[in-house]
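Structural overview
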Number of protein chains: 6
Amino acid sequence: GGVICNPKEMSLGELERLTRRYASEIIDIIGPEKDIPAPDVNTNPQVMAWIMDTFSMNRGYSVPGVVTGKPLVIGGSKGRDQATGRGVSFSALNTLKHLGMNPEDIRVAVQGFGNVGSVAAEILHKEGLNIVALSDIKGGIYNPKGLNPNQVLTHAKESGFVIEFKGADFITNEELLQLNCDVLIPAALENQITGANADRIQARVIVEGANGPTTPDADKILEEKGTLLVPDILANAGGVIVSYLEWVQAMERYFWEKEEVNQKLEGIMKRTFNRVLELSSQKKVSMRMAALMIAIDRVAEAMRVRGLYP
Amino acid sequence: GGVICNPKEMSLGELERLTRRYASEIIDIIGPEKDIPAPDVNTNPQVMAWIMDTFSMNRGYSVPGVVTGKPLVIGGSKGRDQATGRGVSFSALNTLKHLGMNPEDIRVAVQGFGNVGSVAAEILHKEGLNIVALSDIKGGIYNPKGLNPNQVLTHAKESGFVIEFKGADFITNEELLQLNCDVLIPAALENQITGANADRIQARVIVEGANGPTTPDADKILEEKGTLLVPDILANAGGVIVSYLEWVQAMERYFWEKEEVNQKLEGIMKRTFNRVLELSSQKKVSMRMAALMIAIDRVAEAMRVRGLYP
Amino acid sequence: GGVICNPKEMSLGELERLTRRYASEIIDIIGPEKDIPAPDVNTNPQVMAWIMDTFSMNRGYSVPGVVTGKPLVIGGSKGRDQATGRGVSFSALNTLKHLGMNPEDIRVAVQGFGNVGSVAAEILHKEGLNIVALSDIKGGIYNPKGLNPNQVLTHAKESGFVIEFKGADFITNEELLQLNCDVLIPAALENQITGANADRIQARVIVEGANGPTTPDADKILEEKGTLLVPDILANAGGVIVSYLEWVQAMERYFWEKEEVNQKLEGIMKRTFNRVLELSSQKKVSMRMAALMIAIDRVAEAMRVRGLYP
Amino acid sequence: GGVICNPKEMSLGELERLTRRYASEIIDIIGPEKDIPAPDVNTNPQVMAWIMDTFSMNRGYSVPGVVTGKPLVIGGSKGRDQATGRGVSFSALNTLKHLGMNPEDIRVAVQGFGNVGSVAAEILHKEGLNIVALSDIKGGIYNPKGLNPNQVLTHAKESGFVIEFKGADFITNEELLQLNCDVLIPAALENQITGANADRIQARVIVEGANGPTTPDADKILEEKGTLLVPDILANAGGVIVSYLEWVQAMERYFWEKEEVNQKLEGIMKRTFNRVLELSSQKKVSMRMAALMIAIDRVAEAMRVRGLYP
Amino acid sequence: GGVICNPKEMSLGELERLTRRYASEIIDIIGPEKDIPAPDVNTNPQVMAWIMDTFSMNRGYSVPGVVTGKPLVIGGSKGRDQATGRGVSFSALNTLKHLGMNPEDIRVAVQGFGNVGSVAAEILHKEGLNIVALSDIKGGIYNPKGLNPNQVLTHAKESGFVIEFKGADFITNEELLQLNCDVLIPAALENQITGANADRIQARVIVEGANGPTTPDADKILEEKGTLLVPDILANAGGVIVSYLEWVQAMERYFWEKEEVNQKLEGIMKRTFNRVLELSSQKKVSMRMAALMIAIDRVAEAMRVRGLYP
Amino acid sequence: GGVICNPKEMSLGELERLTRRYASEIIDIIGPEKDIPAPDVNTNPQVMAWIMDTFSMNRGYSVPGVVTGKPLVIGGSKGRDQATGRGVSFSALNTLKHLGMNPEDIRVAVQGFGNVGSVAAEILHKEGLNIVALSDIKGGIYNPKGLNPNQVLTHAKESGFVIEFKGADFITNEELLQLNCDVLIPAALENQITGANADRIQARVIVEGANGPTTPDADKILEEKGTLLVPDILANAGGVIVSYLEWVQAMERYFWEKEEVNQKLEGIMKRTFNRVLELSSQKKVSMRMAALMIAIDRVAEAMRVRGLYP
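Since the structure is predicted, the reported quantities are computational estimates derived from the model, not experimental observations.

Each helix and strand in chain A was counted, giving 11 helices and seven strands. Against the compact-globule benchmark of 19 Å for 310 residues, chain A has a radius of gyration of 21 Å, which places it among compact chains. Each principal axis of the C-alpha distribution contributes one length, and for chain A these read about 60 × 50 × 35 Å. Out of the 310 residues belonging to chain A, those deemed buried represent 52%. Sequence separation of 24 or more characterises 58% of the internal contacts of chain A that already satisfy a separation of 6 or more. Carbon and sulfur atoms provide 53% of the accessible area of chain A, an area that totals close to 14,400 Å². In chain A, 33 side chains carry a positive charge and 38 a negative one; their mean positions are 4 Å apart.

The two copies are related by a screw operation: chain A maps onto chain C through 120° of rotation and 0.0 Å of translation along the axis, at an RMSD of 0.1 Å. Considering both components of the superposition, the chain copies are consistent with a three-fold axis. Residues of chain A ranked by C-alpha distance from the rotation axis are headed by E252 of chain A, positioned 3.4 Å from it. Here only 10% of the interface residues in chain A have copies in chain C that are interface residues too; the copies meet through unlike faces.

Another aspect to go through is helix α9 (residues 238-252) of chain A. All names here are of chain A. Taking 1.5 Å per residue, 15 residues should reach 21 Å; α9 reaches 21 Å between its end C-alpha atoms and fits that length. Among the 15 residues of α9, 13 are classified as buried, and the element is accordingly described as predominantly covered. Directly beyond the C-terminal end of α9, a positive phi value near 60° is found at R253.

Confidence in the prediction for chain A averages 96 pLDDT; 100% of positions are at 70 or higher. Here the predicted complex scores 0.91 on pTM and 0.92 on ipTM.

So, about the interface of chain A and chain C. Accessible area lost when the parts come together is the quantity often used to give the size of an interface. In this assembly, 21 residues from chain A lie in contact with 20 residues from chain C. Of the roughly 1,800 Å² buried at the junction of chain A and chain C (both faces included), carbon and sulfur atoms supply 57%. When the buried area of chain A at its contact with chain C is split by residue, V73, R253 and Y254 of chain A rank highest and sum to 34% of it. Of the charged contacts in the structure, one is a salt bridge between E257 of chain A and R271 of chain C, with a shortest N-O distance of 3.0 Å. Inspection of the chain A/chain C interface yields six residue pairs in polar contact (both at pLDDT 80 or more). Looking at the side of chain A that touches chain C, the elements with two or more residues in it are α1 (12-25), α2 (45-59) and α9 of chain A. Among the elements that make up the side of chain A that touches chain C, the one with the highest residue count is α2 of chain A (eight residues). For the side of chain A that touches chain C, the per-class residue count stands at 11 nonpolar, five polar and five charged.

All names here are of chain C. Along the chain, I193 turns up in the loop between β5 (183-186) and β6 (205-207). In sequence terms I193 and I137 are 56 residues apart; their C-alpha atoms lie 16 Å from each other. Beyond its immediate chain neighbours, meaning those up to four positions away, I193 contacts L177, L184, P186, A198, I201, I206, P213, T214, T215, A218 and L222.

To continue, consider the pattern of salt bridges. Residue and element names in this part refer to chain C. Counted by the stated rule, this structure contains 90 salt bridges over all chains. For R304, the salt bridge identified is with E301, shortest N-O distance 3.4 Å. In this pair, R304 and E301 are both assigned in helix α11 (residues 287-306), three residues apart and thus about one turn of the helix distant. For R304, a relative accessible area of 53% puts it in the exposed group. The exposure class assigned to E301 is partly exposed, which follows from its relative accessible area of 31%.

Below, the discussion takes up the environment of V162 of chain D. All names here are of chain D. Note on placement: V162 falls in the loop between α5 (149-159) and β4 (169-171). Residue classification places V162 among the buried positions, given a relative accessible area of 0%. A sequence separation of 11 residues divides V162 from Q151, and the C-alpha atoms of the two residues are 10.0 Å apart. With sequence-adjacent residues up to four places away left out, V162 is seen in contact with F113, L134, S135, D136, G139, G140, I141, V152, H155 and A156.

Let's shift gears to the environment of L308 of chain A. Residue placement: L308 of chain A occurs in the segment after α11 (287-306). Its relative accessible area of 63% is what places L308 of chain A among the exposed residues. For L308 of chain A and S56 of chain A, which are 252 residues apart along the polypeptide, the C-alpha to C-alpha distance reads 33 Å. Excluding its chain neighbours within four sequence positions, the residues that come into contact with L308 of chain A are R20 of chain B together with R21 of chain D.

Let us look at the pairing of strand β5 (residues 183-186) of chain F. Residues and elements named next belong to chain F. Side chains of β5 alternate between two faces, with V183 and I185 and L184 and P186 buried alike. Strand direction decides the pairing type here: strand β1 (residues 107-111) and β5, joined by four bridges, are parallel. From the neighbouring strand, Q111 faces β5, where its bridge partner is P186. Bridge count for β5 against strand β6 (residues 205-207) is two bridges, and the pairing is parallel. The residue bridging L184 from the neighbouring strand is I206, located in β6.

The next subject is unusual backbone geometry. Apart from glycine, the bulk of residues carry a negative phi angle, and the bulk of peptide bonds sit in the trans form. For the bond running from Y309 of chain A to P310 of chain A, omega is 0°, close enough to zero to count as cis. Of note, P310 of chain A is situated in the segment after α11. Positive phi outside glycine occurs at N42 of chain B, with the angle close to 75°. Within the secondary structure, N42 of chain B sits in the loop between α1 (12-25) and α2 (45-59). For N42 of chain B, a relative accessible area of 46% puts it in the partly exposed group.

All names here are of chain C. Compared with the 16 Å implied by 1.5 Å per residue over 12 residues, the 17 Å span of helix α4 (residues 115-126) between its first and last C-alpha is a close match. What α4 keeps buried is the set V116, G117, S118, V119, A120, A121, I123 and L124. The elements touched by buried residues of α4 are α3 (83-99), β1 (107-111), β2 (130-136), α5 (149-159) and β5. Of the residues trailing α4, G128 is marked for its positive phi of about 100°.

Conventions used here
What you see as residue numbers is a count from 1 along each chain, following the sequence as written. Just so you know, chain letters begin at A and ligand numbers begin at 1, following the order they were written in. pLDDT decides what is reported in this predicted model: residues at 70 or higher carry local features, side-chain atom pairs at 80 or more are listed and counted, and totals for whole chains, interfaces and linings draw on all residues regardless. The side-chain numbers reported here are obtained from all heavy atoms of the structure, hydrogens and water having been left aside. Here a helix means four or more residues in a row that DSSP labels H or I, a strand means two or more in a row labelled E, and each is numbered from the N terminus. Each radius of gyration is computed over the set of C-alpha atoms, and the globule rule expresses the reference value as 2.2 Å times the number of residues to the power 0.38. Exposure is judged per residue with a 1.4 Å probe applied to protein chains only, and the accessible area is read against the type maximum: over 50% gives exposed, under 20% gives buried, and values in between give partly exposed. Should any heavy atoms of two residues lie within 4.5 Å, those residues are considered in contact. Using a 1.4 Å probe, accessible areas were evaluated by the Shrake-Rupley method; residue-level cover was limited to the displayed protein chains. In this tally Asp and Glu are treated as negative and Lys and Arg as positive; neither His nor the chain ends contributes. Charged side chains are reduced to one point each, which is NZ for Lys, CZ for Arg, CG for Asp and CD for Glu. Alignment of copies: least-squares fit on C-alpha atoms of residues with pLDDT of at least 70 in both copies. What a helix should span is 1.5 Å times the count of its residues minus one. Each residue carries a pLDDT value, the predictor's own confidence for that position, ranging from 0 to 100. By convention, the term buried area covers the 1.4 Å-probe accessible surface removed from two parts as they join, with the contributions of both added. Salt bridges, as used here, are contacts in which a Lys or Arg side-chain nitrogen is within 4 Å of a carboxyl oxygen on Asp or Glu. Polar contact is defined as a pair of N or O atoms within 3.5 Å, subject to the rule that within protein one atom must be able to donate a hydrogen and the other to accept it, and that residues adjacent in sequence are counted only when both atoms are side-chain atoms. Residues are sorted three ways: Asp, Glu, Lys and Arg are charged, Ala, Val, Leu, Ile, Met, Phe, Trp, Tyr, Cys and Pro are nonpolar, and all the rest, Gly among them, are polar. Here, any two strands with at least 2 DSSP bridges between them count as paired.

Here it is, written out as structure tokens:
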């Protein structure tokens with residue numbers, strides 16, 4: 001379900017009343033034991049707080065486990081805001097390790113400088129990789145000697161955009177995709193790598209930070225070229241994983257420090273990455289196909305052992 | 001409660017319907033906060049899955065904590081299947097450490113090569129002990145220089161039984177018990193060590209892997225001889241302990257890697273072993289008596305502080 | 001709520017019946033998800049056990065999370081009894097570390113030798129500090145070369161009081177407060193450091209083990225003098241924190257060893273101490289003021305994000 | 001909600017499993033306090049019994065109030081099967097009384113001889129009215145001197161249809177509608193009286209036994225002609241009303257004799273009829289319009305006093 | 001509990017939000033099985049509707065039984081608004097019957113012309129009694145030949161007050177009490193008949209329509225004079241009784257016609273009246289004392305058989 | 001379930017604690033929607049009150065519907081105490097009416113003068129029948145001209161037994177059974193009419209007030225003789241029926257006057273009597289057989305329509 005409305009055109013009061021009414025309508029089918037909403041486009045921690053409060057007032061006591069993405073002060077998880085970007089960077093690092101590539105030799109191009117792209121760039125920069133290109137909606141910047149994402153962030157916060165960052169050349173978003181680099185991280189919009197440009201992608205590795213940045217026909221071309229693509233369902237799962245960890249903390253009523261959250265996130269991503277990689281090489285299929293096979297297999301297996309009842 | 005039937009004579013459909021009906025009948029008196037069934041003879045993970053599903057469909061959401069011994073994919077615990085054998089091996093190692101005996105000098109005879117005996121033998125073999133005898137329902141094999149349980153397992157899987165394993169002599173199950181060895185692990189049936197053969201047991205240490213392998217009159221003889229016997233209630237508690245840990249994981253909705261499960265299992269077994277040993281030497285009673293004293297004391301103390309109400 | 005009665009004049013049977021009746025009256029407004037009573041003056045683990053049992057019998061299954069301060073055998077937390085004293089000692093050690101003072105050079109005076117004072121003294125003694133004075137209701141003892149709290153405890157258990165401990169001089173409780181020492185721990189009654197004696201306090205650091213040992217006018221004098229005072233709300237929170245940890249363990253149904261409890265307690269106290277200290281120096285206010293600002297701010301922030309509904 | 005299937009092509013076992021599964025899916029949103037399903041086309045008392053049993057097994061005790069239209073033996077209401085036809089006859093009699101017409105002078109034509117038409121005809125016959133025409137899917141019979149519906153029923157049960165009843169002339173369903181009579185009861189299909197034939201209807205009174213037998217354009221023509229039409233929402237409400245009474249009996253757990261059910265049904269229909277009639281003449285609108293005005297007004301008034309919350 | 005506020009100074013929106021917040025605060029301790037609020041001074045059916053709606057939205061389905069005094073359209077009881085006045089008139093008639101007095105000979109004075117006084121006057125007028133005096137806050141009117149309460153009501157609605165009713169003399173409220181009449185019904189404020197005027201009361205019978213119109217010292221004087229006083233707890237219980245009947249209807253989900261409500265009200269009042277009268281003459285105590293004795297006795301007896309538990 | 005104890009040897013306090021403990025043990029499987037205990041030998045209204053209170057305190061509000069046979073003041077039904085005797089007398093009267101026998105000509109012998117026999121005798125006496133013999137454990141009295149049961153009751157209350165009642169001859173219990181009379185009501189113990197004395201029974205009609213007064217071999221003899229026997233399952237069902245009505249009143253929270261209870265009891269008994277009689281003559285079986293056939297048929301029919309699920 002959902003509500004068709006434009007929150008940007010609504011007052012805070014309207015948004016609160018609409019959220020509470022909606023939460024009341026779905027109150028029987030959500031709950032910490034049942035279905036746990038998480039934020040997505042057009043919702044934010046404040047909206048999740050209203051849902052949590054509406055549900056809790058209805059039960060008569062605080063139920064932090066009913067939604068995730070809550071503000072920290074009422075039971076949100078540390079590290080939740082950076083989790084997707086962090087997961088993207090783990091995916092890139094795991095891939096390089098698998099390929100036996102040395103981090104210091106790696107040139108990375110990141111399309112998109114929002115919550116996902118900027119966090120991933122910053123972590124990879126810290127790990128010693130060379131961030132050669134960054135971009136946002138207005139276009140990108142390029143410096144083959146490497147950019148400092150922190151400084152770019154400061155610049156972007158001041159000027160509104162990454163372009164015109166001193167000491168870097170302007171490139172378009174399309175040029176960024178086709179740069180001569182080792183790792184390409186499309187972390188902006190969907191449908192960026194298509195049948196039209198896939199054969200001009202030079203990166204050895206693509207890590208999908210956005211949802212659906214690569215079209216199915218591009219997938220085929222990349223696979224034939226031997227590009228290693230870490231699919232969105234795996235690469236950008238960090239946010240959903242920390243939502244799960246936020247729920248676990250709410251069930252335990254014990255809240256972890258940021259380090260513990262990040263370490264658990266990393267553990268889960270690494271194990272999953274390895275399992276996908278293993279099936280991929282074993283069955284000679286792309287990582288995207290392997291990830292889907294594992295996912296469907298687990299659901300099917302769970303349904304098989306539980307049976308259909310009544 | 002229970003159902004009088006022979007599952008081996010029933011179709012899978014009959015077994016499922018019977019299990020679901022039975023689960024429905026006891027639905028008011030089981031639950032993750034109340035009473036948590038665990039598998040025993042003639043049930044298996046599939047049966048536990050049906051109980052879990054029946055209970056969950058009744059509540060309207062998944063309740064993994066209602067039973068243990070479930071398949072992994074719906075919330076079972078890693079390490080559950082090997083837990084009893086692992087616990088038996090911990091018990092043996094703890095005992096040797098207590099006696100100051102060096103693992104490499106130890107000769108072990110294991111009666112029974114099912115889930116308990118084979119796992120225990122394998123772990124002790126890895127720890128450097130000398131497995132001199134193994135057996136199953138058809139009889140046993142003996143090699144004073146040591147057997148490799150892994151190889152025996154491969155042989156048994158192929159031929160159906162441990163006998164005729166190359167490079168070992170045939171012995172009867174009765175002979176196995178009376179072998180010249182340091183540690184004897186009866187992990188087959190009950191009533192193996194009796195008043196009739198107890199005085200011919202040569203092992204310095206007995207670790208009960210089976211339920212009730214030693215009769216009360218044998219207990220007395222062994223105690224007088226100075227044999228150190230680790231009783232079943234302590235030695236083979238590993239399965240029940242990991243059932244408890246499976247329940248804890250279901251309550252937290254957070255599932256541990258196998259290493260963490262094994263480490264927690266080992267911690268619990270070690271603390272309990274030491275407490276039993278301490279009381280045993282303090283009160284000058286057998287370890288069996290000491291274990292029972294501790295168990296009864298804890299229940300009695302809990303009842304005393306809670307009181308009888310109403 | 002509460003019951004006006006004098007438990008010392010009641011038989012155990014009367015106390016049990018009264019406790020169960022009271023628990024029944026408040027049964028709708030307590031519960032592991034709602035409001036969790038903890039012990040205070042005139043209640044003890046036995047009383048908490050009766051509340052737990054009454055609530056549990058009402059629900060039809062054991063609910064260890066409904067109260068804290070329970071006996072260990074029915075779900076109490078290891079380390080609960082020493083938690084307040086332990087927290088006081090952490091506070092003192094954190095303060096010294098912040099001030100860059102070397103433990104071995106520190107002279108400590110502790111007023112009050114009950115559960116809080118004696119535990120704090122013992123831990124600080126073990127950490128190498130010099131316990132120069134201890135006292136109880138009858139008066140105190142003083143030895144500038146240091147006292148061994150363990151020995152004083154043995155003496156006090158035998159004789160009933162700390163005075164007349166061999167190798168120490170008698171001092172009054174009032175004199176103790178004004179001793180020449182580095183750290184003063186008032187762990188007895190409220191209103192000990194007042195406008196009348198505050199300017200004669202020589203300690204550089206005061207750690208409030210009792211509730212409200214310092215009056216508001218004394219606070220002002222000490223602040224002007226530059227005495228660093230760790231307020232009760234922070235310094236003696238250890239008991240409440242371990243009550244919280246006891247509740248967490250009850251929710252998980254997994255119980256930690258004493259070391260883990262203490263380590264978690266220390267983690268929470270250290271993080272809180274640092275946050276209070278930081279705000280204190282940043283806003284140029286006393287630690288008491290800073291602690292209250294943080295506390296009120298968190299509640300206010302939680303209320304703001306949840307909103308008032310309905 | 002609903003299930004797209006053809007029960008006539010399903011085995012009884014398939015129908016039971018489908019019904020139970022469907023009931024399980026909607027179990028959270030039905031219940032005696034919430035939403036109470038009642039039978040309609042393609043369901044029958046057996047289906048309602050399965051829903052009742054599925055819901056009851058889920059709660060752990062019998063919940064007769066969760067559905068209506070159940071078999072008598074598990075809490076169905078006496079008089080439920082005849083309720084719609086009985087309500088139609090009440091409506092006709094109330095109308096005649098209002099118009100001051102003498103029952104003995106009245107000629108009635110009934111289209112449709114199913115559960116509604118046959119019961120209505122029989123009751124009106126007993127009350128002394130003259131049933132001049134009856135019909136079913138194959139066509140009708142006509143005798144201006146009157147027919148005995150009981151005898152027609154016997155004939156129809158034997159031969160399958162009402163036609164060829166001795167002592168009556170054959171007429172088509174269309175001819176029946178246009179007969180020279182006082183009361184016309186369309187109790188078969190929808191859209192029988194249309195803009196094409198409405199001006200040829202001779203009856204002074206139309207009582208809608210079927211759902212929607214009259215089209216909106218026919219409504220207009222009849223209104224202009226001065227025909228008094230008792231709309232379906234009022235005239236054939238008997239079944240729904242006794243479903244309500246079945247629910248009331250289930251809530252009380254006290255079951256009424258048939259006489260009491262019929263008397264309560266009559267009371268409700270008479271009060272409603274009079275209220276509709278009154279508003280109709282007061283506002284100079286058709287009875288259909290008046291009935292809708294009352295219905296909408298009650299819902300609106302209830303919503304107004306309750307308010308929209310949250 | 002209650003809310004300190006002046007609803008007359010609040011907007012409808014403020015009143016609604018306050019009511020819903022208050023209802024939410026007490027939601028755990030009210031309910032159709034527990035405690036059922038009823039309207040009193042400063043609340044009205046609209047307020048009860050908001051409470052009903054708040055509680056119902058919280059449960060997820062309509063719960064008409066949670067409050068009484070609701071608007072008819074959401075489950076209020078017919079006859080609820082007139083119930084107190086009707087009960088007062090029953091009390092008067094029962095008393096006269098007991099005294100063997102002929103209704104036609106009776107002169108009645110009614111102080112107060114609100115919901116209670118006007119309804120009682122009207123019913124007694126219909127029963128043939130002679131209403132000689134009526135009053136409201138501005139004063140009263142007197143006509144020894146009798147007044148028609150309906151006409152007075154029409155006059156009062158137009159002019160705002162009963163005074164200046166044509167064909168009647170003005171009297172003060174105090175004079176009304178002391179009129180030469182047979183039945184006096186104080187249905188206005190408390191403390192009207194006091195030690196100061198009790199000996200000047202001429203009525204043979206007093207029926208208390210208001211709460212507490214007679215002071216304890218007046219009670220004593222009246223008892224000595226032989227005035228028969230029907231106490232408020234009995235005489236004006238009609239409103240509370242129909243609140244009870246509204247709750248019964250909500251539990252059954254079956255709603256009675258006004259005649260049935262009134263008949264049940266009359267049955268309950270008559271039985272209670274007779275029981276009080278009987279005890280009064282048997283024990284030689286006033287009816288007020290007898291009513292209290294019965295009430296306390298029933299509560300005591302119920303507590304005695306249930307016992308104090310836990 | 002049940003408790004093996006002798007309440008006559010227990011103090012009231014012991015009995016209360018035992019009852020409350022037992023009620024707590026079965027609390028999950030009783031309840032107004034589930035299983036409703038009723039009193040039987042060795043329990044009384046006080047015991048039922050304790051069960052009701054224990055259950056209610058557990059739920060947090062009064063639940064009168066959880067047991068029947070409660071004291072009136074907490075929701076017991078009027079007429080409950082006399083219900084069995086009243087039902088026996090209805091059975092006798094219904095039988096006589098069926099046989100076309102005139103009440104005034106009927107001679108009745110009643111064995112047993114407890115709650116059942118004395119109430120039945122009194123009602124039949126009021127209806128004009130001739131009570132010729134009454135008895136209790138010590139023996140009986142006989143007067144062919146008729147006895148007044150009220151006077152016998154007064155005598156029995158004074159002297160302890162019915163024998164030595166003035167104006168009647170002594171007879172043994174055995175002689176009573178074989179008296180020359182029309183209606184015999186065995187209302188004492190089981191196994192009174194046996195193969196040994198059945199052929200000497202002279203009564204035309206036997207109405208079983210006790211449970212099982214007639215043995216199966218006596219049944220056969222009586223059937224052959226043409227004696228009309230109203231079996232216990234029908235004749236003495238009055239108590240159980242009013243227990244049912246007590247439950248209905250508790251569900252409605254509306255309590256009926258004694259007349260209404262008796263009238264409903266009579267309605268149920270008459271309808272059931274007629275149905276049994278009809279089946280008995282239709283199938284040419286005894287009334288006992290017919291009653292069992294109807295009972296089993298209803299349960300079987302309910303199970304058939306509900307089905308076995310899961």
